[in-house]
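# Descriptive structure summary
Each chain, letter by letter, is given below.
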Amino acid sequence: MSGGVADIFIAHEGVAISADRFGVRGAQPIILLHGGGQTRNAWGATAKVLGDRGYDVISMDLRGHGDSGWSPARAYNLSDFRDDLAAVAQSIGRPAIVVGASLGGLAGLLVGGECARHLIKALVLVDITHQNAPDSDNRILAFMTANREGFASVDAAADAVAAYLPHRPRPRDTNGLLKNLRLRDGRYFWHWDPAFVEVASASRPTEDARLAAAAQNTAVPTLLIRGAQSEIVGEEEAAAFAKLVPDAQVIVVGGAHHMVAGDQNTVFAAAVFEFLDRFAPATL
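These notes cover the structure that comes with them. Remember, it's a predicted structure, so these values are computed and weren't measured experimentally.

What follows is about the pattern of salt bridges. Scanning all chains against the criterion turns up 20 salt bridges. Here Arg21 and Asp7 are joined by a salt bridge, their closest N and O atoms 3.0 Å apart. Taken together, the residues Arg21 in strand E2 (residues 16-23) and Asp7 in strand E1 (residues 5-10) connect sequence positions 14 residues apart. In this structure, Arg21 and Asp7 share a single accessibility class: buried.

Further remarks concern the environment of Ala219. With respect to the helices and strands, the residue Ala219 is situated in the loop between helix H7 (208-217) and strand E9 (222-227). Overall, Ala219 belongs to the exposed group, its relative accessible area being 64%. Placed 97 residues apart in sequence, Ala219 and Ala122 show a C-alpha to C-alpha distance of 8.9 Å.

The next point concerns helix H6 (residues 194-203). Along H6, the residues classified as buried are Ala195, Phe196, Val197, Val199, Ala200 and Ser203. Sitting at the head of H6, Asp193 places a side-chain oxygen 3.0 Å from the backbone nitrogen of Ala195.

Of the pairings in the sheet, the one linking E1 to E2 comprises six bridges and is antiparallel in character. Paired with Asp7 across the two strands is Ala19, which belongs to E2.

What counts, and where the lines are drawn
Residues numbered from 1 in each chain as written. Predicted model: local features only at pLDDT ≥ 70, side-chain atom pairs only at ≥ 80, totals over all residues. Heavy atoms only, no water. Salt bridge = Lys/Arg side-chain N within 4 Å of Asp/Glu carboxyl O. Helix = DSSP H or I, 4+ residues; strand = E, 2+ residues; numbered from the N terminus. Buried < 20%, exposed > 50% of the residue type's maximum accessible area, 1.4 Å probe, protein only. Polar contact = N/O pair within 3.5 Å; in protein donor to acceptor, adjacent residues only side chain to side chain. Pairing = 2+ DSSP bridges.

Functional significance is not addressed by these values, which are geometric in nature.
Put into structure tokens, the structure is as follows:
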């Protein structure tokens with residue numbers, strides 16, 4: 001298998017959702033959901049390997065991100081991301097495994113706990129639970145709301161990322177960052193709809209009780225993978241989640257921060273593969 005095949009899904013509110021599809025059509029589907037401010041490219045290696053293992057992998061851009069459509073009604077609440085995921089899962093026609101990082105994981109948690117039972121077969125949450133560590137949202141918001149005037153060059157954008165993620169070495173070749181930028185009027189802007197940041201930042205802190213209820217109502221095999229150095233999910237948050245979902249498996253990845261797959265992809269992938277082999281093999 002080489003690269004993924006481009007696909008489009010029409011989701012909630014008629015927003016077009018762009019996706020790459022890997023693997024075997026008709027096999028056990030896996031939907032990969034990135035975090036806020038990322039794109040489907042965050043799953044690159046993982047999507048290909050899962051496809052090679054015989055799954056039908058759908059790696060999608062969330063609304064307002066990457067190549068997916070922007071909401072004309074500024075609909076970027078958690079319910080909107082939940083409804084998009086439900087629409088994609090419904091269109092596939094078979095219960096899907098959902099692997100969601102951060103915002104993508106919240107969408108998966110809400111579908112698992114609030115929507116029809118037949119939509120999800122298993123759930124993998126990547127460094128996200130029903131509640132975040134205190135003040136953790138502020139740092140993310142500060143990064144996403146900075147540089148609204150764009151960047152003069154890709155290198156300038158790379159400098160901003162390096163300052164935000166000091167634990168990662170700054171790449172010498174910054175061309176890969178072009179997947180996350182859009183050139184407009186001679187300047188480089190992040191790929192997301194600015195309205196997403198405004199709406200999501202205002203609504204997320206009010207959703208903890210709802211997310212906790214969804215977690216308690218989730219009846220599918222669930223895996224929580226968190227980074228040992230995560231700024232978002234610490235020991236306290238993971239323990240609280242384990243009380244709500246006592247059958248959930250919790251794995252801590254050493255040397256990883258919030259972006260677990262990017263920090264320690266080999267360890268992350270091994271944890272996901274072991275979970276899938278137990279609860280949701282590729283053959284239906």
